[in-house]
Amino acid sequence: MSDAPLLSAVGLTKNFGGFRALDDVSLDLYPGEAVGLVGPNGSGKTTFINVVSGVYTASAGTIKLRGLPIEGLPPHRRARLGLGRTFQVPKPLGNLTVLENVQVALQHSKSAKSGDADPLEFAGLAKFANRRANSLTTMEQKRLDLARVLALSPAVVLVDEFAAGLSPSELIDIASLLNELRGKGMALVVVEHLLGFLEAVVDRVLVLDAGREIFSGGLKEAFSDDKVVEVFLGQ
Ligand code: ADP
Ligand code: MG
């Protein structure tokens, strides 16, 4: 394992007109590490993921992936360099099969090697390879979203509210999949409200309120922090 961060975001700020959705947020992520991104609705979590993945251009700040500045690159170039993301609501290409969805992702990849583990196998979808994506359940679509990301052999995976809408046993499955990714040396940013899920997956949390960092540290410590407690009880 290397001592250099896989992802280094410094001073990220995003303005929408006169409104600042993200305000001077920084995060370093190391190989095999998972950080929870936590905060009330509207606190800037998805904006952070959109700015890092390139959906939005940062108004200020720098983003490095394996030491390489990426803040000027479009999303597909960032993805190709090893930045994967899943969506709060997965959007598979519904009329294509499960396998075709992963193949489309692979066409955009230079880094994927033929020896890589089969992403469908890994996501537990091999048996559905020839099914149309729009015939999958929510859980299966989330797994497909993850398989699509894994096809690009990412170094960093940004996971936006992946667990929402899943049953307790599905949550356990997803938590163990994410932990396997960490075991492979990938680094994860996990946006999630469910404490139990966070406990199962992350080492530390970054707590946002109104676009600003109000806490960074251990999950247990976060919930004995006055500012964090105030923000969550005030909801
Ligand atoms: P979270 O994911 O923490 O619930 P978001 O990052 O989605 O919050 O949103 C943070 C704030 O930024 C919200 O007030 C939201 O309305 C605003 N926002 C997000 N995207 C846009 C946009 N494209 N244009 C204007 N405002 C936006
Ligand atoms: Mg969100």
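Residues numbered from 1 in each chain as written. Chains lettered and ligands numbered in written order. Predicted model: local features only at pLDDT ≥ 70, side-chain atom pairs only at ≥ 80, totals over all residues. Heavy atoms only, no water.

### Quick look at the site of ligand 1
Thought 1: Around ligand 1, the neighbouring residues are Phe-16, Phe-19, Ala-21, Pro-40, Asn-41, Gly-42, Ser-43, Gly-44, Lys-45, Thr-46, Thr-47 and Tyr-56.
Thought 2: Between ligand 1 and Ser-43, the relevant distance is 3.2 Å, taken from an oxygen atom to a main-chain nitrogen or oxygen of the residue.
Thought 3: Protein contacts shield 62% of the accessible area of ligand 1, which totals 560 Å² for the unbound molecule.
Thought 4: Secondary structure elements with two or more residues in the shell around ligand 1: strand E2 (19-29) and helix H1 (45-53).
Thought 5: Of the residues forming the shell around ligand 1, the biggest block, 3 residues, is contributed by H1.
Thought 6: Considered class by class, the residues forming the shell around ligand 1 number 5 nonpolar, 6 polar and 1 charged. (Near = heavy atom within 4 Å. Polar contact = N/O pair within 3.5 Å; in protein donor to acceptor, adjacent residues only side chain to side chain. Areas by Shrake-Rupley, 256 points an atom, 1.4 Å probe, with all protein chains shown as cover. Helix = DSSP H or I, 4+ residues; strand = E, 2+ residues; numbered from the N terminus. Nonpolar A, V, L, I, M, F, W, Y, C, P; charged D, E, K, R; others polar.)

### Things to note about the layout of surface pockets
Thought 1: Its boundaries defined by the atoms lining it, the largest pocket holds a volume of some 540 Å³.
Thought 2: In terms of lining, the largest pocket is formed by 24 residues, of which the most central are Ala-79, Arg-85, Phe-87, Arg-148 and Leu-152.
Thought 3: Looking at the lining of the largest pocket, the elements that each hand over two or more residues are helix H2 (75-80), strand E6 (83-86), helix H3 (98-107) and helix H5 (138-150).
Thought 4: By residue number, the principal contributor to the lining of the largest pocket is H5, which donates 5 residues.
Thought 5: In the lining of the largest pocket, the residues fall into 13 nonpolar, 6 polar and 5 charged. (1 Å grid on protein atoms, 1.4 Å probe; cavity = no way out; pocket = protein on both sides within 12 Å on 5 of 7 lines; lining within 4 Å. Points joined across faces, edges and corners; volume = space filled by probe spheres on them.)

Purely spatial values, then, with no claim about function.
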